[in-house]
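Spelled out from the first residue to the last, the chains are:
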Amino acid sequence: MALNLTHQTGAAAIAATPAPGARASVFAAASPAAAAAAGSAVAPAQATSLRMQTQLVEPAQPQAPEMFQAMAPDQQQQGEAAHPDAGGEEARKVGVPVFVMMPLDTVRKDGSALNRRKAVQASLAALKSAGTAGIMVDVWWGIAESEGPGQYNFAGYIELMEMAKKAGLKVQAVMSFHQCGGNVGDSVNIPLPKWVTEEMDKDQDLAYTDRCGRRNYEYLSLGADTIPALKGRTPIQCYADFMRAFRDHLAPYMGNTICEIQVGMGPAGELRYPSYPESNGTWSFPGIGEFQCYDRYMRASLKAAAEAVGRPEWGNAGPEDSGSYNQWPEDTGFFRREGGWNTDYGQFFMSWYSQMLIEHGERILSACSSVFTGTPGVKVSVKVAGIHWHYGTRSHAPELTAGYYNTRNHDGYLPIARMIGRHGAVLNFTCVEMRNHEQPQDAQCMPEALVSQVASAAKEAGVGLAGENALPRYDETAHDQVLATAAEKAEEDRMVAFTYLRMGPDLFQPDNWRRFAAFVKRMTETGVRDVSREQVEREAQGVAHATQGVIQEAAVALCN
């Protein structure tokens, strides 16, 4: 998509300080037991006693980002300790390690082998020569468990890990429990496993649903997390079994080559609702999106939550005046300046809607921890979407529909950061490359402010913050912005890692490659040695010249 893509994904949120007198909204987290009592079809297994809660959570204890050492393959040459379990402070002396995202279709759809094997091999050699720490790859549920429940095929991924190991690169493995296709940058189509979509066809309430009844097959509804609807297993059990199988099949690479598990929690792998789906033209930037709480499991929970606070009339549906996907905040009654978002009802609804998302994250991270705890050298991360359009308004409508209860009066990112911190994970945030003035001002886009808020939330929660660029950028302006955001701040505020989107023919064009090599040097050597930009450019030119043959091979092979 043309220019609009620049504004859509990946950014972090600025930690907005609650206005004086602002307080956390009280809400009820409903259980399936209560929902069943309300006439719902929710299974008893989903029940957790009805309880009153607030958005405020006790801060997590700071977690030492152990993965930093594993991410820095050249540490020993720089006189640093290289033990994978060493604390983050030593590793930060080597700047910010840079990873590069692999193509979405790196592994064949049947899971048996790599696509474009020669291109992958040449690309990994080039990345190593430029000083990158490693790569990130999607481990697709729709590929690795496509044949049937419990039938796993990680052959293509094992081949990739072996190639990365030989190249001396680390790997961030993404447990991609979502569909590929329908989001920004999705160039291929990889649906959920067929046996999963067959169950969704039988019970369409397993899919996220909007007010008009449109079903979304990108990711299973979090409302069904504990429903044994997938051949006798719940979605959470399926995710846990998949991660366990991945760990066991790739055991020789865990902790030495594989240094991070990023666990998917929603569409595009992000912890959010599918509130702005691009497929079939449903949504386009900078629309506010729509709430996704109309499957019967979500509605049962909402009904029980409303009854728990003594307002059963609030439990029938989401806000009636919240508009449609492509409207703007002031076009709606709920999101306008003095709209329903700031009423007692609005606070109740947003507290329930956002808490459901946080509890979804808790369930998956608990499952993830049960699998990877005790695996030295492997860190877990969670990706949060950078929804920066209409950030300058009071209601922050696109963030609200996505499940982030972040308004002028309410910090939506600190509760998420604390949830991530309780499991010792890293918060990964996008749009680090964006600048406010590059975005359409009429949509009040503020990516820099958003990144600042999320960074503040991560710091307060004691969790590591990692970054990504939202869209492919090969220019020095974007590189400078990433460097200023991720690497040039005070030592304690540096990002723990940065993942560059994405490997492809454009990256290996000579000018782009030279700029990328200089970017990696500047990122990884910040705080290590005092060098001028001119010196970095000269060194990058040397890298570009030395790797000319291999990048030409990679660029040609990637185009085939």
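Every value quoted in this text rests on a predicted model; they were computed, and no experiment measured them.

1. Remarks on the overall build of the protein
Right, on to step 1. Secondary structure summary: the protein contains 17 helices and 12 strands in total.
Right, on to step 2. Among the 560 residues that make up the protein, the fraction classed as buried is 62%.
Right, on to step 3. A separation threshold of at least 6 residues defines the contact pool for the protein, and within that pool the share at least 24 residues apart is 78%.
Right, on to step 4. Surface summary for the protein: the accessible area is close to 19700 Å², and the carbon and sulfur share equals 49%.

2. What about helix α6 (residues 155-167)?
Side chains three or four residues apart in an α-helix point the same way, a direct result of the helix having 3.6 residues per turn.
Right, on to step 1. The first and last C-alpha atoms of α6 sit 19 Å apart over 13 residues, in line with the 18 Å expected at 1.5 Å per residue.
Right, on to step 2. By the burial criterion, the buried members of α6 are Gly-156, Tyr-157, Leu-160, Met-161, Met-163 and Ala-164. Buried residues along α6 cover an arc of 165° about the axis, so they all sit on one side.
Right, on to step 3. Of the surrounding secondary structure, the elements contacted by the buried residues of α6 are α4 (117-129), β4 (134-140), α5 (141-144), β5 (170-176) and β8 (258-263).
Right, on to step 4. Of the residues flanking the end of α6, it is Gly-168, one or two places downstream, whose phi is positive at about 80°.

3. Here's the deal with the pairing of strand β9 (residues 379-384)
Right, on to step 1. Summarising burial for β9: 6 of the 6 residues are buried, a large majority.
Right, on to step 2. Neither face of β9 is exposed, since Lys-379, Ser-381 and Lys-383 on one face and Val-380, Val-382 and Val-384 on the opposite face are all buried.
Right, on to step 3. Relative to β9, β8 runs parallel, the two being bridged by 3 bridges. Each bridged residue has a counterpart across the sheet, and for Gln-262 the counterpart in β9 is Ser-381.

4. Concerning the sheet that holds strand β10 (residues 426-429)
Sheet strands associate in pairs through backbone hydrogen bonding, adopting either a parallel or an antiparallel arrangement.
Right, on to step 1. Spatial strand order, β3-β4-β5-β8-β9-β10-β11-β12: 8 strands in a closed barrel with parallel pairing. Direction aside, neighbouring strands of the sheet carry axes that sit 30° apart on average.
Right, on to step 2. Across 5 bridges, β5 lies against β8 in parallel orientation. Residue pairing across strands places Met-175 opposite Val-263, the latter belonging to β8.
Right, on to step 3. Relative to the sheet, helix α8 (residues 235-249) contacts β4, β5 and β8, its axis offset from that of β5 by approximately 155°.
Right, on to step 4. The sheet contacts of helix α13 (residues 447-461) involve β10 and β11 (465-468), and relative to β10 the element is tilted by about 180°.

5. Some details on the packing of helix α15 (residues 510-525) against helix α16 (residues 533-546)
Between two packed helices, both the angle of their axes relative to each other and the distance between the axes serve to describe the pair.
Right, on to step 1. Contact geometry of α15 with α16 gives a least axis separation of 8 Å together with a crossing angle of 125°. By the criterion of interaxial angle, the relationship of α15 to α16 is oblique. Crossing geometry of α15 relative to α16 is assigned as right-handed. The residues of α16 that touch α15, namely those facing Trp-513, Arg-514, Ala-517, Ala-518, Lys-521 and Arg-522, are Arg-533, Val-536, Glu-537, Glu-539, Ala-540, Gln-541, Val-543 and Ala-544.
Right, on to step 2. Across the contact of α15 with α16, the residue classes tally to 7 nonpolar, 1 polar and 6 charged.

6. Considerations on the packing of aromatic side chains
Right, on to step 1. Going through the model one piece at a time under the given rule, you end up with 34 aromatic pairs.
Right, on to step 2. Judged by centre distance (4.9 Å) and plane angle (80°), the ring pair of Phe-291 and Phe-349 falls under edge-to-face. In this pair, Phe-291 is assigned in the loop between β8 and α9 (296-308) and Phe-349 in helix α10 (residues 344-372), connecting sequence segments 58 residues apart. Each member of the pair, Phe-291 as well as Phe-349, is classed as buried.
Right, on to step 3. Each ring, one from Phe-349 and one from Tyr-353, has its centre 5.5 Å from the other, and the planes form 20°; the classification is stacked. Within this pair, Phe-349 and its partner Tyr-353 are both found in helix α10, separated by 4 residues, close to a single helical turn.
Right, on to step 4. Judged by relative accessible area, which is 0%, Phe-349 ranks as buried.
Right, on to step 5. For Tyr-353, a relative accessible area of 0% gives the class buried.
Right, on to step 6. Every member of this aromatic cluster is reached through a ring pair, and the members are Tyr-208, Tyr-273, Phe-291, Trp-314, Phe-334, Phe-335, Tyr-345, Phe-348, Phe-349, Trp-352 and Tyr-353.

7. Looking at the pairing of β4
Right, on to step 1. For β4, the tally of buried residues reaches 7 of 7 residues, placing the bulk of the element in the interior.
Right, on to step 2. In terms of strand pairing, strand β3 (residues 98-101) meets β4 through 3 bridges, oriented parallel. When the bridges of β4 are listed, Val-100 appears paired with Ile-135.
Right, on to step 3. Each parallel crossover has a hand, and the one from β3 via α4 to β4 is right-handed.
Right, on to step 4. As paired strands, β4 and β5 are joined by 7 bridges and run parallel to one another. Looking at β5, one finds that Met-136 is bridged to Gln-172.

8. Observations concerning the side chain of Asn-406
Right, on to step 1. Position of Asn-406 among the secondary structure elements: in the loop between α11 (397-402) and α12 (414-422).
Right, on to step 2. Asn-406 gets classed as buried once you look at its relative accessible area, which sits at 0%.
Right, on to step 3. Within polar-contact distance, the side chain of Asn-406 engages the side chain of Glu-399 at 3.1 Å.

9. Points about the UniProt feature "active site" (unreviewed entry) in the protein
Right, on to step 1. UniProt records the feature "active site" (unreviewed entry) at Glu-270 and Glu-468, using the numbering of this structure. Spatially, the listed residues are clustered: although they cover 199 residues, their C-alpha atoms lie within 12.5 Å of one another.
Right, on to step 2. Within the secondary structure, Glu-270 is located in the loop between β8 and α9.
Right, on to step 3. Setting aside anything within four residues of it in sequence, one finds Glu-270 in contact with Met-265, Tyr-276, Lys-383 and Ala-385.
Right, on to step 4. Among the structural elements, Glu-468 can be located in strand β11.
Right, on to step 5. Relative accessible area serves as the criterion here: at 1%, Glu-468 is assigned to the buried category.
Right, on to step 6. Each residue touching Glu-468, except ones within four places of it in the same chain, is listed here: Met-101, Met-136, Gln-262, Lys-383, Asn-428, Phe-429, Thr-430, Cys-431, Val-432, Glu-433, Phe-498 and Thr-499.

10. Details of the packing of α8 against α10
Right, on to step 1. Two elements in contact, α8 and α10, have axes whose closest approach is 9 Å; the angle formed by their N-to-C orientations is 25°. Taken together, the axis directions place α8 and α10 in an arrangement best described as roughly parallel. Between α8 and α10 the crossing geometry is right-handed. Taking contact as the criterion, the partners of Ile-236, Tyr-239, Ala-240, Met-243, Arg-244 and Arg-247 in α8 are, on α10, Arg-363, Ile-364, Ala-367, Cys-368, Ser-370, Val-371 and Phe-372.

11. Describing the UniProt feature "binding site: substrate" (unreviewed entry) in the protein
Right, on to step 1. Mapped onto this numbering, the UniProt entry gives "binding site: substrate" (unreviewed entry) at Asp-138, His-178, Asp-186, Lys-383, His-388, Thr-430, Asn-469, Ala-470 and Arg-502.
Right, on to step 2. Along the chain, His-388 falls in the loop between β9 and α11.
Right, on to step 3. In this structure His-388 comes out as buried when scored by relative accessible area, which is 0%.
Right, on to step 4. Locating Ala-470 in the fold gives a position in the loop between β11 and α14 (476-486).
Right, on to step 5. Exposure remark for Ala-470: the relative accessible area of 8% places this residue in the buried category.

The rules behind each value
Residues numbered from 1 in each chain as written. Predicted model: local features only at pLDDT ≥ 70, side-chain atom pairs only at ≥ 80, totals over all residues. Heavy atoms only, no water. Helix = DSSP H or I, 4+ residues; strand = E, 2+ residues; numbered from the N terminus. Buried < 20%, exposed > 50% of the residue type's maximum accessible area, 1.4 Å probe, protein only. Contact = heavy atoms within 4.5 Å. Areas by Shrake-Rupley, 256 points an atom, 1.4 Å probe, with all protein chains shown as cover. Expected span 1.5 Å × (residues − 1). Arc of directions from axis to C-beta. Pairing = 2+ DSSP bridges. Axes fitted to C-alpha atoms, helices over the stretch in contact; angles between N-to-C directions. Parallel < 35°, antiparallel > 145°, perpendicular 65-115°, else oblique. Left-handed = near helix turned anticlockwise from the far one by under 90°. Nonpolar A, V, L, I, M, F, W, Y, C, P; charged D, E, K, R; others polar. Phe/Tyr/Trp six-rings, centres within 6.5 Å; stacked < 30°, edge-to-face > 60°. Right-handed = clockwise from strand over helix to strand, strands pointing away. Polar contact = N/O pair within 3.5 Å; in protein donor to acceptor, adjacent residues only side chain to side chain. UniProt positions renumbered as here; feature names shortened; annotations may be inferred.

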